[in-house]
Every structure is written in structure tokens, then in C-alpha cells.
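Fold and geometry: a report
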Amino acid sequence: PFGQADPLFQNDIGFYVFGLPFFEFLRGWGLTLLVLGGIGTAIIYGLEAAPQLGRQLNEAAQPDRRDSLSFNFSLDARARAHLSVLGALFLLVVAVGYWLSRFDLLYSMRSVAYGAGYTDVNAKLPSLNILTVVAVLMAALLLINIRRRTWRLLLGAVGVWLAAWVVVGGIYPAFVQQFVVKPSEFDKERPYIINNIEATRKAFGLDKFKDREVPAVDTITPVQIADNRSTVNNIRLWDYRPILATYAQLQEIRPYYTFRHVDIDRYTIDGQERQVMLSGRELTPDGLQEQIRTWQNQRLTYTHGYGAVVSPVNEIEGEGLPKLLVKNIPPQTDVPSLKITQPEIYFGEQTDNYVFVNSGTQEFDYPLVEGNQYADYKGRGGVTIDNFFTKLLFALRFGDGNVMLSEYITPQTRVLFHREIQDAVQTLAPFLKYDHDPYLVIADGKLYWLQDAYAVSDRYPYSSPYGGFNYIRNSVKVAIDAYNGTVVYYVIDKSDPIVQAYRNIFPQLFKDISEMPAALRAHIRYPEDLMNIQAQMYATFHMTDPQVFYQKEDLWKVPFGTQNQNSVPLEAYYVNMSLPGESNEQFMLILPFTPASKSNMIAWMAAKSDGEDYGKVEVIRYPKQQLVYGPQQIEARIDQDTLISQQLTLWSQSGSTVIRGNLLVIPIGNSVLYVEPLFLQATGTSNFPELKRVIVATGSNVGIGSDLNEALDVAFKLAPGQVVGGAGQGPGVNPTPAAGVTPQPTTPGGSTGSPADLTRSAQSHYSRAQTALKAGDWATYGREIDAMKADLDGLAAALGIETPPAAPTP
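The structure reproduced in this document is the subject of the present report. (Residues numbered from 1 in each chain as written. Predicted model: local features only at pLDDT ≥ 70, side-chain atom pairs only at ≥ 80, totals over all residues. Heavy atoms only, no water.)

**Let's talk about the sheet that holds strand E10 (residues 355-357)**
Selection criterion: Two strands form a pair only when DSSP identifies at least two bridges running between them. Counting from the N terminus, the helices are the DSSP runs of H or I reaching at least four residues and the strands are the DSSP runs of E reaching at least two.
The strand order E10-E14-E13 describes an open sheet built from three strands, whose pairing is antiparallel. Across the chains shown, the open sheet's two edge strands, defined by having one partner strand only, are E10 and strand E13 (383-384). Of the strand pairs in this sheet, E10 and strand E14 (residues 414-416) are connected by three bridges, and their pairing is antiparallel. Looking at E14, one finds that Val355 is bridged to Leu416.

**Focus on the packing of aromatic side chains**
Using the following cut-off: Working definition: a ring pair exists when centres of Phe, Tyr or Trp rings (six-membered ring for Trp) sit within 6.5 Å. Plane angles under 30 degrees give stacked, over 60 give edge-to-face, the rest tilted. Working definition: with a 1.4 Å probe on protein chains only, accessible area under 20% of the residue-type maximum means buried, over 50% means exposed, and in between means partly exposed. Two limits define a charge over a ring: the Lys NZ or Arg CZ must be within 6 Å of the ring centre, and within 35 degrees of the ring normal.
A complete count under the given rule lists 40 aromatic pairs for this structure. Ring centres of Phe2 and Tyr460 lie 6.2 Å apart, and the angle between their planes is 70°; this geometry places the pair in the edge-to-face category. Taken as a pair, Phe2 in the segment before helix H1 (13-60) and Tyr460 in the loop between strand E17 (446-457) and strand E18 (471-481) lie far apart in primary sequence, 458 residues in all. For the pair formed by Phe2 and Tyr460, the shared burial category is buried. For the ring pair Phe388 and Phe389, a centre distance of 5.6 Å and an interplane angle of 80° mean the geometry is edge-to-face. Accessibility assignment for this pair places Phe388 and Phe389 in one class, exposed. Here a set of aromatic residues connected by ring pairs shows up, and it is made of Phe9, Phe15, Tyr16, Phe22, Phe23 and Phe103. One cation-aromatic arrangement involves Lys552 over Phe549; the distance from NZ or CZ to the ring centre is 4.0 Å. Directly above the ring of Tyr629 sits Arg637, whose terminal nitrogen or CZ lies 4.9 Å from the centroid.

**A few points about unusual backbone geometry**
Following Ile329, the chain continues into Pro330 via a peptide bond in cis, with omega recorded as -10°. Tracing the backbone through its elements, the reader meets Pro330 in the loop between strand E8 (321-322) and strand E9 (344-345). The backbone of Gln10 sits at a positive phi, close to 65°, despite the residue not being glycine. Along the chain, Gln10 falls in the segment before H1.

**Structural notes on empty space enclosed by the protein**
Operational definition: A pocket, in this scheme, is an open set of points on a 1 Å grid over the protein atoms alone with protein on both sides within 12 Å along at least 5 of 7 lines, while a cavity is a set where a 1.4 Å probe fits but cannot get out; residues line either one if an atom lies within 4 Å of a point. Grid points are joined across faces, edges and corners, and a volume is the space filled by probe spheres set on the points. Throughout, the ten residues Ala, Val, Leu, Ile, Met, Phe, Trp, Tyr, Cys and Pro are labelled nonpolar, Asp, Glu, Lys and Arg are labelled charged, and all others, Gly among them, are labelled polar.
Following the criterion strictly, the structure yields two cavities of 30 Å³ or more and no others. Approximately 40 Å³ is the volume found for the second largest cavity. What lines the second largest cavity is simply Asp435, Asp437, Tyr439, Asp452, Arg525, Pro527, Glu528 and Tyr574. The residue inventory of the lining of the second largest cavity, partitioned by class, reads three nonpolar, no polar and five charged.

Structure follows, in C-alpha cells:
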């Protein structure tokens, strides 16, 4: 039971989700059986009567009998009685169908809102009741006909049924809809609109959202940036699309390795929670050179991927490359929480082939400078091929005769199949719906995949459907061991009646979320698919006033952004931040909203992922009478900025491609900061995107720089080198930089810092000087050159290089 009743029949929702579909299945099965049985019975009796019919036809063919012939063909009494019983049973099943159809009115689309409306309740429902009674009476007449044995009752019953079906079931409801409902539609439909709103909000979990309005502050200030420095330091500059290509060029290392997806998660690094991007290095047999793409290599030797690559979401090294926290083979890292002690990936996102391990040949583990490293599988995944019949069955299963013929397959050999994550979970529990993107997690030195699973139904009364279902809960978190392939289903939402039913059916399949290891539980996150579904539904069903809902005067939409010169819907994205009025920073998934017919931002949604707050969703609204720029408006302002436009045009003409990353809308207090990274990719197959610029926009200003701090300086019109301060510091003060923040000099008199920091700072000032030069801003150009010289002098001092005396001024 759901513990909730539908508003029309007062049945528990569980009746519609579990009971009604079963009863409709029985009705359909019975109806099919009776129809086929009736046809078969009629054919048999017809064949028995065929000789009589044949004789009469023969007599009719004789010329001397034509005038006196009386054609008299009829089924005998036994046949009429038998068919009457079958007809009565058929009509009783039809009556049951009409009775059950009353409940299907709760899924009607006749009204302005989903579910039973005025016409359904006041015309269609009485019609179905009448049709039910008519079908029962018809069945009774057919049973009476067993004794009367006349066709008149049969034909009369059918006639009454057809008349009731046409008049009561069709004409009357159409009349009520046209002449009663339409002239005063809202007044008639109001209570049913309320039913639709309440049911949809419950079915999609929207009723648990916390909705509040905050005053909108048009322009963000440097002080707000300083007070929220931790949030700013965790802004994701790397877009998952271009960084995937960069990972491929930097870390695939061999053609048979590949990175499928880039996942975003958080780990404790140097005592602070930091956002990182992570991707597993999987093995694809298609990458093997053709001359070594043998059956033995593909099935016995090259069996698994190896390790992962991890980088912060906001750090840059060298000429716009990501800073790698985990890299190379075997995996190398200085971060304890990212250390990988079991790097083999036997089960992954694209391991869709079957392999044999513990065979008579060693498995390729990873390449060395000279030669290769080999290893044997020591896990418990797969099935042991320990006898002839098992080997035969797998040969038939795969359609592969080599399984029988290969001398390397021994009684100790294990076959690993269903190795692709989505295939594995769908095979084990096909009754659940799965998120499109499993993500890789490093926990206690091992690699795991976490997969979100949903309990869904299309039978929740009055709830508007989305994508074929009208009820969804993220009830289950699935953990898959990348080495062993062990799959564990953890129930995270015990209140979901659907997963409770599945758990009662399969008690050994599901475990409680409290049994999930702490190292894994620290990485569960609010799923993107669920957020996107809820956002689409909330865009309409945030309107709880029936009149506002009816008029659709406050519809929202998910805004669009620019991606590779195309306008695409903005995607939900993960951030580390605190909500307005809260001091506790958390890992959240956020997504903004704009009015359906406007481009300004009206609200944003945030779903928490940490600890006891997991699953809590808040919607922050802005007053309708105040303007807060939306993503499309910011994109337009970026395009209209002359300096940015010149830079994009210059890059595009030099044999390179400019890639605009996902525009991020970062709430800072009651204000909003917009950040968009720019990537530059040279033409050619071996080149990869580099993060070259960062664009920052506030309510009134747009700035571009080689890093986030420089872009903030430009946006706030600060003097060059005046990084927006840390917590408690005002603008113009050079704070101790947080992790990933490039230090900047305060005066041109000589800078201090590590050689790497001074080098990056000098590069930054040089870049700004070139931008000022192209704009004809000679004052800024001079200041940037002086600041760059200060960095170079500091670098020389740090390296013990004597600086030559300055040339005399002419």
C-alpha cells in the first residue's frame, strides 16, 4: 500500500499500481480464451452440420426440385445451448471490462488536466455503469436462451448492447463535453485540475521540494566573491566534453585503451573537499592492431582496462592543460584518497565482449618501457568452465567453436560475460529503470561503478506522464566492483512501495543503504536524470493555484546555452556551494529556470548530495518584478563584447577551432555569477582542446582572462594584479591563495612565490598585455608589462640567476 487514496474512488494507490494491471491482464486473457473458444466451437458444430447443408445444396442443384425446395438449415439445440453459454461468459467478461474501465478514467486525457475530468466523472462514469448492467443482463438473456433456444433473444441482447454503447458510451459524453463543460470550462474542471496538480507533485516527489523566494541583487560585488571564496575556487572550468578529448591525447597511452565518459565527483584533497573529474581507462579490442587481433588476444590476453585519470575541475597547467592528480600506468598520485591499489577494470562502460581468465596463457596487464607486464586474474567474477558440458554450453551460448577447440581453456578457466555495466544491471534486475550514466569511484584503493536505479510506474492516478511513466523514485543505488563484477543493490528510499514489493519478492537481491561501505557512501550523488525529469515537471507543476495552472500564465522552462555554435538546453551541473541564508557548503546539483516566453532567470533548483541532507531539493525564486539575467541573455552579452568578439574571430582565423564550454550559473548569496570557459583546438587529428580563456559575467559587467581570477579582475574593473580577495579581505588585497588559485603580484617592484607560480603569473600578465595591445589600451599594456617583469625578476631570484642591470634611459 502507498498509504494514499485516489480522490474519486478512494482506493489505495497500490490498487492501481499492483492490482488493477493484474485484473486487466486476467480480463484480457479470459476474453481472448472465450473468443478463440467460441470460434473453434462454431467451426466444430458447423462441420457437424455440413452434411445436412451439402444435401440441401445438392437438392437445390436438381432442376425438378427447384420449385418445391424449402431451404431449412439450422444448428441443433445442443449447439445453440453451447454457444449461448459461451456468449454469456463472454458478456460477463465484457461487463468486468466495463467495470475495470471505470478506474481507467483516472488516466483520461479528455480534460484540460490529466486524469478524470468533469465529463469523465459525470457522463463517462455513469455510462460505464450502465454498460456494465446491460452486459450482465445480456448474459442473463443468453442463459435463459438455453431453455428457449431461439435466436431472437440473442439478437435482441446484441442490439441493446450496441445501442447502449453508441448512445450512452459515445453520444452522451460528447454532448456533455460540448454543451456543459466548454462554456464554463474552468469552473467545471477546477476540482479535477487540483487533483492533477497534487497527484503529479506526489508522484514525482515535487511535493517535498522546499520553495522560497529571495530578493534579487542585480550586481554581484567583490566582497561577495571574497565571502564565498570556497565556492568560487570550486567552480568547474573544465567542460566534460573537451576534457575527454584531452584525456585521450594525454593518457590513453596505447591505442587499445580508451576513455568513455568523464564523471564529476568530490574527494578530500589536502584536508578540503574538492571537485574532480575522473575517467576510467578501459580496454577496447577494436584498438588492437589488425595483425594481432587474433581470437587468443581478444579473448584470453587483452582482457581488461587499467587505472584512471583524475584532475581538478578548475586547475590548469602549462599551455591550458588539466592538472592531473592521477595519471600514467601504473596509476601515480600524491593524494592518499585517490590512491589506486587494484587498478584492473574487467567490468566497465564499454566492455561488451566476453573473455576467459585463468586460462593457460597470461593476461596482458599494462605496457612497460620495453615489453609488457602480465598477470593472472585473482578475482571471483564469472563462471568456472570446469567440465565438458559447461564448455559445450558456452560454445553454443557465444556461437564460438574456439571455446571447444582451444587448449588454453582449462578446468580453472573462468568466463566473464555481461561485463558492460548497463547490460549487467539490466540482466539482473530488468524491472528497474537505470540512469544513463554510471560513474566511477575510487574507494579504499579499489575501483567501483555507482549506478542509480529508479522504481517507475505509469499507473499513478491523476499524475501527468513523462516519457512513458508518471511515477518515479530513485530508490536504489547499485555498486559494481570493476574487478570482480560483483553487483550489490542498496535501497536508499525505504518509503517507496514499489521497491518494497520487489524487495519482498527478491529478499537476497537488496540490501539496506546502511550496509554500503562508508568509502562508497561518501560518493553517492543526486542523479542527473532524476533532476532533469523533475525539472521538466516542476516547470509546470510549481503552479499550485488551479486558475494560474489553467491559464498557464507562469510556465517555466530550462534555458538554453551555446555549445559549439549551437543553442542547446542547459544541463544540470554539480557545484560545491551553500544556499542563500546557509553557511554549510555542500556538493549539489543545480539547474536554473527562465519563464517560458522570456530569457531572464526566474528561479534555480538545487539538490543536495551530502550526508543526512542527501535528496533534499530547494527551489530558490527571484521576484517577478526584478530582472536577473538568464543564460541566453548572458551569452548574447558575451557575443556583443568587442574584446571577446575580436579574440574569438582571431582564433577562428588561425587554423584553430574555438570551443565554448557549458555556461555555468553560480548563485553567490542572492546574486549570480556566470562563468564560461573557452577552449582552443588546433585543426588535425592529433590535437586536443586547451583551456585558454575564462569568461566571467555579472549583472552589469563581462570580463575575460587567462584564468578565473584574471577574468574576475577584468569584470570588476580592478587594477591588473588585484585578485578579488579571500574571505574577510577586500578587493586589491593579495590573499594567500587557495588550492588551484594562481597567485598574483601586488606591485611591479618584484614578486615572490614558487617558480611555477611566478611562471604562470608572468604568462597571465603577458596574455593581458597582448589583449590590451590589441584594444589600443596603452596604459594597461604598460602596467601588465611592468607586472610581467616583476614576475620574471622574482623568478630569476628564486632560481639564483643574476638579473642584468637595466639599460640606461635614453
